[in-house]
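# Observations on the model geometry
Okay, here's what each chain looks like letter by letter:
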Amino acid sequence: QVRLVESGGGLVQAGESLRLSCAASGSFLSINSMAWYRQAPGKQRELVATVNSGGTTNYEDSVKARFTISFDNVRKTVYLQMSSLQSEDTAVYYCNALIYRGLYRSEYWGQGTQVTVSS
């Protein structure tokens, strides 16, 4: 069984920073990639940022200059450093991982962590 456990969400003022963490645990061979998604009230879930095992990153345009995703392969943890937060960043943030267990790659999701930015 693979688990993704997120932490670090909360309530902040506009312009402040927050760091999210997501740790993968359980029995698996390797992590192919990890990502952060978010879902605001009344909106579809959207991809925020991705990082693969080689360290290559990609970002959604609106966060590119403000967010940084990183991956610690020893701790099996992905981080999302969020700076200059805006009210539009308010959402539930979900961790996502593509993980190899044996020959097959499967997708896993965390339970979500709330980020609220007040203006």
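Throughout what follows, the structure given in this document is the object of discussion. (Residues numbered from 1 in each chain as written. Predicted model: local features only at pLDDT ≥ 70, side-chain atom pairs only at ≥ 80, totals over all residues. Heavy atoms only, no water.)

### Structural notes on the overall build of the chain
Helix and strand content of the chain: zero helices and 11 strands. Of the regular secondary structure in the chain, the N- to C-terminal order runs β-β-β-β-β-β-β-β-β-β-β. Expected size for 119 residues packed as a compact globule is a radius of gyration near 14 Å; at 14 Å, the chain falls within 12% of this value. In terms of overall dimensions, the chain has a C-alpha envelope of 45 × 25 × 25 Å along the principal axes. (Helix = DSSP H or I, 4+ residues; strand = E, 2+ residues; numbered from the N terminus. Rg over C-alpha atoms; globule rule 2.2 N^0.38 Å.)

### Things to note about the nonpolar core
Counting 31 residues, the largest nonpolar core has Met34, Trp36, Val78, Leu80, Met82 and Tyr93 as the members making the most contacts within it. Of all the elements in the fold, those that place two or more residues in this core are strand E1 (2–7), strand E3 (18–26), strand E4 (30–39), strand E5 (46–52), strand E7 (67–72), strand E8 (77–82), strand E9 (91–101) and strand E11 (113–118). By residue number, the principal contributor to this core is E9, which donates five residues. Beyond its immediate sequence surroundings of up to four residues, Leu80 is in contact with Leu18, Arg19, Leu20, Trp36, Val48, Ala49, Phe67, Thr68, Ile69 and Tyr93. (Core = buried A, V, L, I, M, F, W, Y, C linked by side-chain atoms within 4.5 Å. Buried < 20%, exposed > 50% of the residue type's maximum accessible area, 1.4 Å probe, protein only. Contact = heavy atoms within 4.5 Å.)

### A word on the state of the cysteines
The bond known as a disulfide is covalent and runs between the sulfur atoms of two cysteines. In the structure shown here, the tally under the stated rule is one disulfide. Two residues share a disulfide in this structure: Cys22 and Cys95, whose sulfurs sit 2.1 Å from each other. In this structure the cystine formed by Cys22 and Cys95 twists about its S-S bond by roughly -80°; its chirality is therefore left-handed. In this pair, Cys22 is assigned in strand E3 and Cys95 in strand E9, connecting sequence segments 73 residues apart. You can call Cys22 buried: its relative accessible area is 0%. (Disulfide = S-S within 2.5 Å.)

### Describing the sheet that holds E1
Read from one edge of the open sheet, four strands run E1-E3-E8-E7, paired in antiparallel fashion. Edge strands, defined here as strands with exactly one partner in the open sheet, are E1 and E7. On average, each strand axis in the sheet is inclined to that of its neighbour by 15°, with strand direction left out of account. (Pairing = 2+ DSSP bridges. Axes fitted to C-alpha atoms, helices over the stretch in contact; angles between N-to-C directions.)

### Remarks on the side chain of Thr113
Turning to its location among the elements, Thr113 is positioned in strand E11. Assessed through its relative accessible area of 11%, Thr113 is described here as buried.

### What to know about the packing of aromatic side chains
Within a pair of aromatic rings, the relevant descriptors are the distance that separates the centres and the angle that separates the planes. Scanning the entire structure with this criterion turns up one aromatic pair. Above the ring of Tyr94, the side-chain terminus of Arg45 is found at 3.7 Å from the ring centroid. Against the face of Trp109 rests Arg45, its NZ or CZ located 4.7 Å from the ring centre. (Phe/Tyr/Trp six-rings, centres within 6.5 Å; stacked < 30°, edge-to-face > 60°. Lys NZ or Arg CZ within 6 Å of the ring centre and 35° of its normal.)

### A short note on the environment of Gly112
Within the fold, Gly112 resides in the loop between strand E10 (104–109) and E11. Separated by 20 residues in sequence, Gly112 and Val92 place their C-alpha atoms 5.9 Å apart. In this structure Gly112 touches Glu6, Val92, Tyr93 and Tyr94, once residues within four positions along its chain are discounted.

### Quick look at the pairing of E3
Here six bridges tie E1 to E3, and the two strands are oriented antiparallel to one another. Residue Leu4 lies in a different strand from E3, and its bridge partner there is Ala24. Examined bridge by bridge, E3 and E8 share six bridges and lie antiparallel to one another. Residue pairing across strands places Ala23 opposite Thr77, the latter belonging to E8.

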